[in-house]
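The residues making up each chain are set out below.
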Amino acid sequence: MNRFTRLTLALGAALTLGSSLAVTRGGTMVYGRYADSLFLDPVLNDANLDIWILTNLYDTLLQPTPDGKRVRPGLASSYKLSPDGKTMTLTLRPGLRFADGSPLTSGDVKWSLDRARNPQNGAWNGSLASINSVTAQGNTVTLNLKQPDPTLTAALATFNAAIMPQKLFNAASGKNDAEKARAFAEKPIGSGPFVLSEWKRGSYMTLKRNPYYWQKGEDGKALPYLDAVRFEIVPDDNTRILKLQSGELQGAEFIPLSRVAELKANARINMELFPSTQVNFITMNNRPKLNNGATNPLSDVRVRQALNFATNKDALIQVVTYGTGKPMRSFMSSTTPLFAPQRGYPYNAARARQLLQAAGYGNGFEVSCLATSGSANDLALLTALQQMWGQVGVRLKIEQVDAATKTARYRANDFQMRTAGWTNDINDPSQITSYFAIYDNVESLHTGFRNAEIERLFGQSQAETNRQNRAGQYRRIQTIYNDAAPIVFLYETPYPVALAKNVRGFVQIPLGNNIFTAASLEK
Amino acid sequence: MRWTYVLTRLLQIIPTLILAAVLVFTLVRLLPGDPASAILGDRATPEIVERTRRELGLDQPLPVQFARFVGRLLQGDFGISTSLKVPVLRLIAERLPVTLFLTLYAAVLGALLAVPLAVLAAVRRNTWVDGVIRAVFQVGLSLPVFYIALQLLTLLGARLGWFPIGGYGDTFGEHLYALFLPALTLGFNLAAVLMRTLRASVIEVLTAEYVDFARAKGLRSRVIMTRHVLRNAMISTVTLLGLNIGALIGGAVITETVFAIPGVGRLMVDAIFGRDYPVIQGLTLTFAVLVSLVFLLTDLVHARLDPRAQHA
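Reading the values: the criteria
Residues numbered from 1 in each chain as written. Chains lettered and ligands numbered in written order. Predicted model: local features only at pLDDT ≥ 70, side-chain atom pairs only at ≥ 80, totals over all residues. Heavy atoms only, no water. Phe/Tyr/Trp six-rings, centres within 6.5 Å; stacked < 30°, edge-to-face > 60°. Helix = DSSP H or I, 4+ residues; strand = E, 2+ residues; numbered from the N terminus. Buried < 20%, exposed > 50% of the residue type's maximum accessible area, 1.4 Å probe, protein only. Lys NZ or Arg CZ within 6 Å of the ring centre and 35° of its normal. Pairing = 2+ DSSP bridges. Contact = heavy atoms within 4.5 Å. Axes fitted to C-alpha atoms, helices over the stretch in contact; angles between N-to-C directions. Buried area = accessible area lost by both parts, 1.4 Å probe. Salt bridge = Lys/Arg side-chain N within 4 Å of Asp/Glu carboxyl O. Polar contact = N/O pair within 3.5 Å; in protein donor to acceptor, adjacent residues only side chain to side chain. Nonpolar A, V, L, I, M, F, W, Y, C, P; charged D, E, K, R; others polar.

**Student:** Is there a simple way to think about the packing of aromatic side chains in this case?
**Tutor:** Under the criterion given, the structure shown has 33 aromatic pairs over all chains. Aromatic pair phenylalanine 101 of chain B and tyrosine 105 of chain B: ring centres 6.1 Å apart, planes at 70°, arrangement edge-to-face. Residue phenylalanine 101 of chain B and its partner tyrosine 105 of chain B are located together in helix H5 (residues 88–123), separated by four residues, close to a single helical turn. Taking the relative accessible area as the measure of exposure, phenylalanine 101 of chain B reaches 17% and is therefore buried. Residue tyrosine 105 of chain B is classed as buried on the basis of its relative accessible area of 14%. An aromatic cluster is present here, built from Phe281, Phe309, Phe331, Tyr345, Trp422, Tyr435, Phe436, Phe449, Tyr481 and Phe489 of chain A joined pairwise through their rings. Above the face of the phenylalanine 231 of chain A ring, arginine 33 of chain A is positioned so that its terminal group lies 5.6 Å from the ring centre. We note arginine 450 of chain A situated over the ring of tyrosine 439 of chain A; from NZ or CZ to the ring centre the distance is 4.0 Å.

**Student:** Explain the sheet that holds strand S16 (residues 394–401) of chain A here, please?
**Tutor:** Note on sheets: strands pair through backbone hydrogen bonds, and any given pair is parallel or antiparallel. Residue and element names in this part refer to chain A. Here six strands make up an open sheet; going across it, the order is S14-S18-S13-S17-S15-S16 and the pairing mixed. Each edge of the open sheet is held by one strand with a lone partner, namely strand S14 (326–327) and S16. Pairing of S14 with strand S18 (residues 487–492) involves two bridges; the strand directions are antiparallel. By the bridge assignment, proline 327 is partnered in S18 with tyrosine 491. Packing against the sheet, helix H12 (residues 376–390) makes contact with strand S13 (279–284), strand S15 (365–372), S16, strand S17 (417–422) and S18, and its axis sits at approximately 165° to S16.

**Student:** What's the story with the interface of chain B and chain A in this structure? I'm lost.
**Tutor:** Accessible area lost when the parts come together is the quantity often used to give the size of an interface. Contacts between the two partners involve 39 residues from chain B and, on the opposite side, 42 residues from chain A. Considering only the side of chain B, the residues that lose the most area to chain A are Asp42, Arg43 and Ile165 of chain B, jointly responsible for 23% of the buried surface there. At the junction of chain B with chain A, the criterion picks out four salt bridges. Notably, a salt bridge pairs arginine 90 of chain B with glutamate 186 of chain A, separated by 2.9 Å at the nearest N-O pair. Across the chain B-chain A interface, the total number found is 14 residue pairs in polar contact (both at pLDDT 80 or more). Looking at the side of chain B that touches chain A, the elements with two or more residues in it are helix H2 (35–40), helix H3 (46–55), H5, helix H7 (145–159), helix H11 (221–258) and helix H12 (264–273) of chain B. Across the side of chain B that touches chain A, the residue classes break down as 20 nonpolar, nine polar and 10 charged.

And the structure:
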């Protein structure tokens, strides 16, 4: 190698290295959402439309990692668990501030956690139910627990445990917490990477960079890199894509899976499929009788297994998800901590027929499924299932109703089957398990399924601090659930987000949260 | 024009509103599902749903709920949106102007398209000009609004880049620019409806005796057209335009969705899906007032064009 070549190579390497390190600061990223947020209070809100945005405004003591599997320090730089597992001590970072410049103290933390765990507040207080009391002193916060709680770190990294400014909240107008929350949520101040600067409902929302944010970027200066994020509400899928293609947007969420391949082929667009915790399935009414008194074939485990065997998951993945999904291997997604893959139900029509015969349905039966009207996915899915199940003699009737009607019928157990999806809100398997398999919560997703061993194992796992033991409990729970088949296992799907080529560092984590903290627009 | 006529007509709106209030209150409650389960989704436990229902006052008997609704209404309070947690009146005040702007814009563009083309088609009736104009509008009538909208967006927005793809803008000029394609979409549909009636009326009037008389007097054909033919032909068209404003607001729902316009059409759809009773009720009453006013205005214009009408 002569000197010239060596020099050129060295220079080239230096340049590449240099350019990969330099992150462009500044700029506004315009992001197209399919619907607007509703109510920006971390404790009293209920919808993904809020939850997935809140992390940009409010910070939590701990944070989920971008892969969704673990937690890492957030506002608290460290946490320590006492040997008996009943006291957690968290140390706050020094010099923390809210977006208005006022200091964030351990008093704010105590007040926020007390508000979040108040059983009268919102739907999420259960995640902090193991806390008996919170004490604050200096930069230390101590949580005294009723019993050891393996889910607590994940809970502290979840939106409802966000730290809010006690003084500013109390200064908001209103007589009680709910009224103050309404007023405060119009102009929320948190300690997240961004702060709400303008909100025209139904049109757009602008988040400006929080100049007091604690986290540092690659260049050693405070994050975020962007000056602002502007969310534009574009409900129509096609319009959102057109706006991205014309450069009016730098990001667009919920790209229909049917258009993923086309956008992947577009050289000016970076079509991302972020791993998600989303599972798609069909719930079955497992009860012996339906609401109208009729005998329910789905109460027989052999019938439920037969329908699972008669479902060609791979074909559905091609037809409904255009090849972007993958078969469910448990009721929880493969991105959920402590997921343990099961044998599942590989497509086997002959086996399905045998099981139906054994259950006394050799001549088949008719079954109806609730679908969301207007959902192209539901219709594609169910018409495909009509054919697949038709092969084993099961006649599927599709009942299309709007989402609110579907929910109402479902709650009243007035259904036989129902299309459904799920995403986790917390980095732990306990949430999904309590909904899918524990009767006392919501009757196991209103299926009516009940299993004593699962209930016992789940109870134990909620206080099991040894991760290996806990993993064993969850493996067993997943196996029992798989064999009992209270649902038709379908597929996992990713979050399809299309980005302009110059967008770097944006992630949608498996829980769905849109993270703009380290996003930048390269020149 | 007699003011008593206007006043009577204004007073007639009141029973309409009372009827609308009772109807919408009852109808939304006949829908399966309620705001509590709609906001909470399928995950909430029965206790949380019950608590939310209590907080929203949905645990009260219907007559009590209705009395509260009317009581608040009389104080000019439409209540608080169950999903967005802000006063309904503020939501409507923010978003109604957008829809009104769009509707008016569409009506103007529709009339600008329909009137000259209808006259041209009538004057050249049964020629190829007439045929082409009628064919174009026939297509306009049969194509769904969202299809026209998407085609316009793809061609004039994305491909040629002449117009922004959706949005509303912040200033009057920006509104005018951003709403051009959606207004054209709606206007085209409206023009198609108006065209047919107007063409037929123009033909009818053209063959009337007083037009022959005017021609015999030696009046120029432009004068005949504007002063005699159009004035008379417009009577039925204005009525039709008035009747179609209601339909325009309906068409705005789809247009607002495709073009990402923050108007009341989209608000209404979201409210229905979210079972947001206060918003549905507030918007329905607002629409009732608006449509009543448009009908009144239509009648007044009609009366102005045809003085016989106000005595009828």
